[in-house]
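Each chain, letter by letter, is given below.
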Amino acid sequence: MDFANSKNNSMTEKEAGAVSAANLAYLGDCVYELLVREYLVRRGSTRPSVESLSYVTAPVQSGVIEKLLPHLTAEEEEAYKRGRNLGHSSVPKHSTVAQYRRATGLEALFGWLHLTGQNERLRELFDLAFAEEPVVTGENE
């Protein structure tokens, strides 16, 4: 998942730290979606557009970050928290505020990793998250 991003045009962690949390989450949403789509195609999914819904909802993304948190570096956790703490004016119908905030944090983390050229780490975290099928957590919040 190199996109057009190589180590030569990656941002430093300091430069990526200057990017707004909203923009990190915006980019990370795309990065996460691409990883999910590639994962489904490589698995031989016959209905990837339908199956992807099991991976890209706020409740599922909330479960993903809960699974990943113990494995994050301090810098990665900071990127996650920046996105998580982003204010939201609305929340999707089938998720709680807490789930939506954690999902936004996950997206910010993925955006930050992409901007800093840490593509191997992105794959490592994604593979760790989906070593098993997606799990929804935090439903009763």
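See above for the structure.
It should be emphasised that the depicted structure is a prediction, and the values quoted were computed from it without experimental measurement.

**Focus on helix H2 (residues 21–42)**
- The end-to-end C-alpha separation of H2 is 31 Å, in line with the 32 Å expected for 22 residues at 1.5 Å each.
- Of all the residues in H2, the buried ones are Ala-21, Leu-24, Ala-25, Gly-28, Val-31, Tyr-32, Glu-33, Leu-35, Val-36, Glu-38 and Leu-40.
- Looking at the buried residues of H2, the elements they touch are helix H1 (13–17), helix H3 (48–51), helix H4 (58–68), helix H5 (74–84), helix H6 (97–115) and helix H7 (119–129).
- Phi for Gly-44, located one or two positions after H2, is positive at around 85°.

**Digging into the pattern of salt bridges**
- Taken as a whole, this structure holds eight salt bridges when the rule is applied.
- A salt bridge links Arg-37 to Glu-33; the shortest N-O distance between them is 2.9 Å. Of this pair, Arg-37 and Glu-33 both sit in helix H2, four residues apart, which is roughly one turn of that helix.
- For the salt bridge of Glu-77 with Lys-81, the shortest nitrogen-to-oxygen distance reads 3.3 Å. Linking Glu-77 with Lys-81, this pair stays in helix H5, spanning four residues, or about one helical turn.
- A residue is classified by how much of its surface remains accessible, and Glu-77, at 28% relative accessible area, is partly exposed.
- Taking the relative accessible area as the measure of exposure, Lys-81 reaches 30% and is therefore partly exposed.

**With respect to the packing of H4 against H6**
- Where H4 meets H6, the closest approach of the two axes is 8 Å, and the angle between their N-to-C directions is 65°. Handedness of the crossing formed by H4 with H6: left-handed. Side by side, H4 and H6 meet where Ala-58, Pro-59, Gln-61, Ser-62, Val-64, Ile-65, Glu-66 and Leu-68 of the first sit next to Gln-99, Tyr-100, Arg-102, Ala-103, Leu-106, Glu-107, Leu-109 and Phe-110 of the second.
- Residue composition of the contact of H4 with H6, grouped by class: 10 nonpolar, three polar and three charged.

**Some thoughts on H6**
- Relative to the 27 Å expected for 19 residues at 1.5 Å per residue, H6 spans 27 Å between its end C-alpha atoms, a close match to the ideal helical length.
- The buried count for H6 comes to 15 of 19 residues, which makes it a mostly enclosed element.
- Looking one or two places after H6, you find Gly-117, whose phi comes out positive at around 75°.

Reading guide: rules and limits
- Residues numbered from 1 in each chain as written.
- Predicted model: local features only at pLDDT ≥ 70, side-chain atom pairs only at ≥ 80, totals over all residues.
- Heavy atoms only, no water.
- Helix = DSSP H or I, 4+ residues; strand = E, 2+ residues; numbered from the N terminus.
- Expected span 1.5 Å × (residues − 1).
- Buried < 20%, exposed > 50% of the residue type's maximum accessible area, 1.4 Å probe, protein only.
- Contact = heavy atoms within 4.5 Å.
- Salt bridge = Lys/Arg side-chain N within 4 Å of Asp/Glu carboxyl O.
- Axes fitted to C-alpha atoms, helices over the stretch in contact; angles between N-to-C directions.
- Left-handed = near helix turned anticlockwise from the far one by under 90°.
- Nonpolar A, V, L, I, M, F, W, Y, C, P; charged D, E, K, R; others polar.

Purely spatial values, then, with no claim about function.
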